[in-house]
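Chain and residue survey
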Amino acid sequence: MNTAYVKPNNLISVVVPDGSGGWYIGGAFTRINNEGRNFLARINADGSLHPWNPNSSAHVYAICVAGNTVYIGGLFTSVGGESRSRIAAVDATTGVTTPFNPGATDLSTVYAIAVSGNTVYAGGSFSTIGGQNRNRLAAIDATTGLATSWNPNLNGIVNTVVINSNTIYAGGSFTTAGGQSRSRIAALSATTGLATSWNPGAGNTVSTLDIDGNTTYAGGTFTTLGGQARNRIGAIDLTTGSATAFDPNSDGNILTVKVSGGSVYAGGDFNSIGGEPRSMIAALDPVSGVATSWNPGAGGIVNSIAVNGSSIYAAGRFTSVSGQRRANIAELDATTGVVTAWNPAANGAVNAMIADGNTLYVGGTFTSIGGQTRNRIAALDATTGSATAWNPNAGSTVSTIAVDGSNVYAGGNFTSIGGQIRNRIAAVDATTGLATAFNPNSAMSITSIFPAGNTVYTSGYFTTIGGQPRNRIAALDASTGLATSWNPNANNLVRTLFVDGNTIYAGGDFTSIGGQTRNRIAALDVTTGLATAWDPNAGSVVRTIYVNNNTVYLGGSFSTIAGVNRRYIASIDASTGDASTWNPVLNSTVFTIPPSAGRIYAGGAFETIGLVSNQESRAFFAAFSTGSILPVQLTSFTANRANAGVPGSSVICRWSTASEDNSAHFVVERSNNGTTFHPIGQVAAAGNSSLSNHYTFTDATPLNGTLYYRLKQVDTDTRFTFSKIVSVSGDKSATSFTIY
């Protein structure tokens, strides 16, 4: 599976294999790849979203697969429309909630689930479950949902449960378990529920356990484990309960540990582990605990790690991994730690794009894309960027694309597509690429298509379509292609449409639509066709619209919108019509922004992104984070030897900011090759400031030879950006750089 395009809108707490090469994921998200999935979802082996959708009412922390049943635990009170308190079971195929209903204490949480035979072990903060008083850990009959007589009676939260033969291992914040004093970690008889003699003891919370042979690996917030000093991660002998020599010494909390292929993978909130700088994720030698060379580096907390062959899957609350933008989940090569690259090349403008599973449909003026000859319309593999075999071969420009089930709708200037005569608008079979019978026969060019149920909304230059007079915007019956009575009547070209609930957003060249004065952008009532009060007032043409999470993303040829300067792309509040601070700055027109959670794709005539001082080359086609605007305006960054001309003398790093918005801190990173950087210090940021701020950091123990330095500016929500790189030789100082 390639998870580069698995895009949740919030953190993932747990990842579990589905047994078919795919994955079950649980967390705080409510959408995956811009499709609704409440707190629980399934990802296919190819990275696409599975239709499986149990619909939990709140956060899912635990998933355990047993045969054709998926057991889940968390904060929810319902699953699939059925009342289920904190623990439930759903069918692995259909997603339907099963009758299994132990019902844990209100206001509690189930954090861990493990299954052995017909017994389901659950751990958490509950005091009742399965109809009985059970403190934090219980065994439940998988058939009846009732608690068995097994009752270890713990006095604190259970975070993790692992079954090994006839023994149940538990970790958490408890100090008594199974009738004995046990500090945060215990081994319990699966028969009696009594604690065994195994008693390592942890100095603080145990968050995660994994067993490999005769060793238990543990992670958490502790600083002692098994009678030895062990900072947040350690290993315990399953026979003696004593700590082994494994001692990675993490500088931050460990949230997940997974043993596979001769390595111990750890994730959490650390910056150093195994004697090396490692950001939130690392691979460790299972005997010594020394960090291996595997070093992806995550831009935020890693909650869960899963392994499948040569792939390591990391999930949590991060925005980047291995230097690439990834939203909360990523696939990493188990050998290199590198995420995959994706970069199709088009030989002409891309006017339209839309993602469907692992396929990205594109339209425009190109005749080559993804390494193949494709005339104005193509399907790209979202993993590789290569063109698929699908090839409708449009006779002229394709300006808009929409997907609805097995139909790919296309609009533009063409008079033939999919092997048939079709005037400017058509539906093409998503498998064969052949045109269907849908044929509204527009008299002039189509600029936008948006299917919604049994209605296809469309816009363009036309004054007749679907057999009726309609000025530049219309609603068509999806079966017959005939126009409905809906008629906003625009006074000039409508180029783009987006349907969001009971509102249809329209953009174009018009100054009047829906019975009101509206300059190039408007919101229309889906029932009446009348304009709402929403009115951002674009300074020039709006060519594309995408709505997500109460934000309206707009692209076009404008340079002002909502009273502020925005060049060719902007985001507008869907309630107020005000522009946000998001401002990527492109150098030419944007024709399309397709739906995609967590990342914004743009296609158009542009060739660069960013201001002149920090431009990046992007020919016609780009992808960037919705949070790509810098939270800090960095105006300078320099590094100089304290004693110029003296090799080995300390290096002083200085930087200044013109403004800061929710900045948390700066991490100073150093490299001896200009490629691999390691953090060497941290400086607190101003937080929120419209004034100039000046910072200094001294590297008192620099390495020999030429050194390279950069800043990692971290926002309060864990997002981060890097500065440009400056260098310091052994005998002279670095050059100053001005940074945007």
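Scroll up to find the structure.
Residues numbered from 1 in each chain as written. Predicted model: local features only at pLDDT ≥ 70, side-chain atom pairs only at ≥ 80, totals over all residues. Heavy atoms only, no water.

Before going further, it helps to examine the packing of aromatic side chains. All told, the structure shown has 18 aromatic pairs when counted by the stated rule. Between Tyr 169 and Trp 198, the aromatic rings sit 5.1 Å apart at their centres with planes inclined by 90°, giving edge-to-face as the arrangement. With Tyr 169 in strand E17 (residues 167-172) and Trp 198 in the loop between strand E20 (185-189) and strand E21 (206-212), the pair connects residues that are 29 residues apart, well separated along the chain. Each member of the pair Tyr 169 and Trp 198 is classed as buried. Arranged with centres 6.0 Å apart and planes meeting at 20°, the rings of Tyr 546 and Tyr 553 form a pair that is stacked. Each of the two residues, Tyr 546 as well as Tyr 553, counts as buried. Ring-pair connections join several aromatic residues into one group, and the members of that group are Phe 450, Phe 498, Tyr 546 and Tyr 553. (Phe/Tyr/Trp six-rings, centres within 6.5 Å; stacked < 30°, edge-to-face > 60°. Helix = DSSP H or I, 4+ residues; strand = E, 2+ residues; numbered from the N terminus. Buried < 20%, exposed > 50% of the residue type's maximum accessible area, 1.4 Å probe, protein only.)

The backbone of Arg 86 sits at a positive phi, close to 70°, despite the residue not being glycine. The residue Arg 86 is located in the loop between strand E9 (82-83) and strand E10 (87-91) in this model. Given the relative accessible area of 7%, Arg 86 is considered buried. Even without a glycine there, the phi angle at Arg 376 is positive, about 65°. Along the polypeptide, Arg 376 turns up in the loop between strand E39 (372-373) and strand E40 (377-381). Of the residues examined, Arg 376 reaches a relative accessible area of 22% and is grouped as partly exposed.

The element strand E56 (residues 542-548) is extensively covered by neighbouring structure, given that six of its seven residues are classed as buried. Counting the residues that bridge the hairpin from E56 to strand E57 (residues 551-556) gives two residues, and of these Asn 549 lies at a positive phi of roughly 50°. (Pairing = 2+ DSSP bridges.)

Take the pairing of strand E6 (residues 60-66) next. Note that E6 and strand E7 (residues 69-74) share six bridges and pair antiparallel. For Ala 66, the partnering residue across the bridge sits in E7 and is Thr 69. Where E6 hands over to E7, the hairpin turn is made up of two residues, of which Gly 67 adopts a positive phi near 60°.

For the rest of this paragraph, the subject is the sheet that holds strand E22 (residues 215-220). Backbone hydrogen bonds hold the strands of a sheet together, and the pairing may be parallel or antiparallel. Sheet architecture is open: three strands sit in the order E21-E22-E25, paired in antiparallel fashion. Lying at the two open borders of the sheet, with one neighbouring strand each, are E21 and strand E25 (233-237). Strand-to-strand, the axes of this sheet are offset by a mean angle of 25°, without reference to chain direction. In this structure, E21 lies alongside E22, joined through six bridges in antiparallel fashion. Residue pairing for E22: Thr 208 is matched across the bridge by Gly 219. (Axes fitted to C-alpha atoms, helices over the stretch in contact; angles between N-to-C directions.)

As for its position among the elements, Asp 333 is in strand E35 (residues 329-333). For Asp 333, a relative accessible area of 30% translates into the label partly exposed. Sequence spacing of Asp 333 and Trp 294 is 39 residues, and the spatial spacing of their C-alpha atoms is 9.2 Å.

By secondary structure assignment, the location of Asp 212 is in strand E21. A residue is classified by how much of its surface remains accessible, and Asp 212, at 41% relative accessible area, is partly exposed. Sequence-wise, Asp 212 and Gly 262 are 50 residues apart; in three dimensions their C-alpha atoms are separated by 10.0 Å. Other than its neighbours up to four places away in sequence, Asp 212 contacts Tyr 217 and Val 259. (Contact = heavy atoms within 4.5 Å.)

On to the sheet that holds strand E15 (residues 137-141), then. An order of E11-E12-E15 is seen for the three strands of this open sheet, with the pairing classed as antiparallel. Two strands in the sheet have a free side with no partner beyond their single neighbour: strand E11 (110-116) and E15. Along the sheet, successive strands turn relative to each other by an average axial angle of 25°, direction set aside.

Here the focus is the pattern of salt bridges. Scanning the model with the defined rule gives six salt bridges in all. The closest approach of N and O atoms between Glu 669 and Arg 710, which form a salt bridge, is 2.8 Å. Of this pair, Glu 669 sits in strand E68 (residues 663-671) while Arg 710 sits in strand E71 (residues 707-715), and the two are 41 residues apart along the sequence. By the burial criterion, Glu 669 is buried, and Arg 710 matches it. A salt bridge links Arg 670 to Asp 699, with the shortest nitrogen-to-oxygen separation between them at 2.8 Å. Of the two residues, Arg 670 is situated in strand E68 and Asp 699 in strand E70 (residues 693-699); the sequence distance between them amounts to 29 residues. Taken as a pair, Arg 670 and Asp 699 share a single burial class, namely buried. (Salt bridge = Lys/Arg side-chain N within 4 Å of Asp/Glu carboxyl O.)

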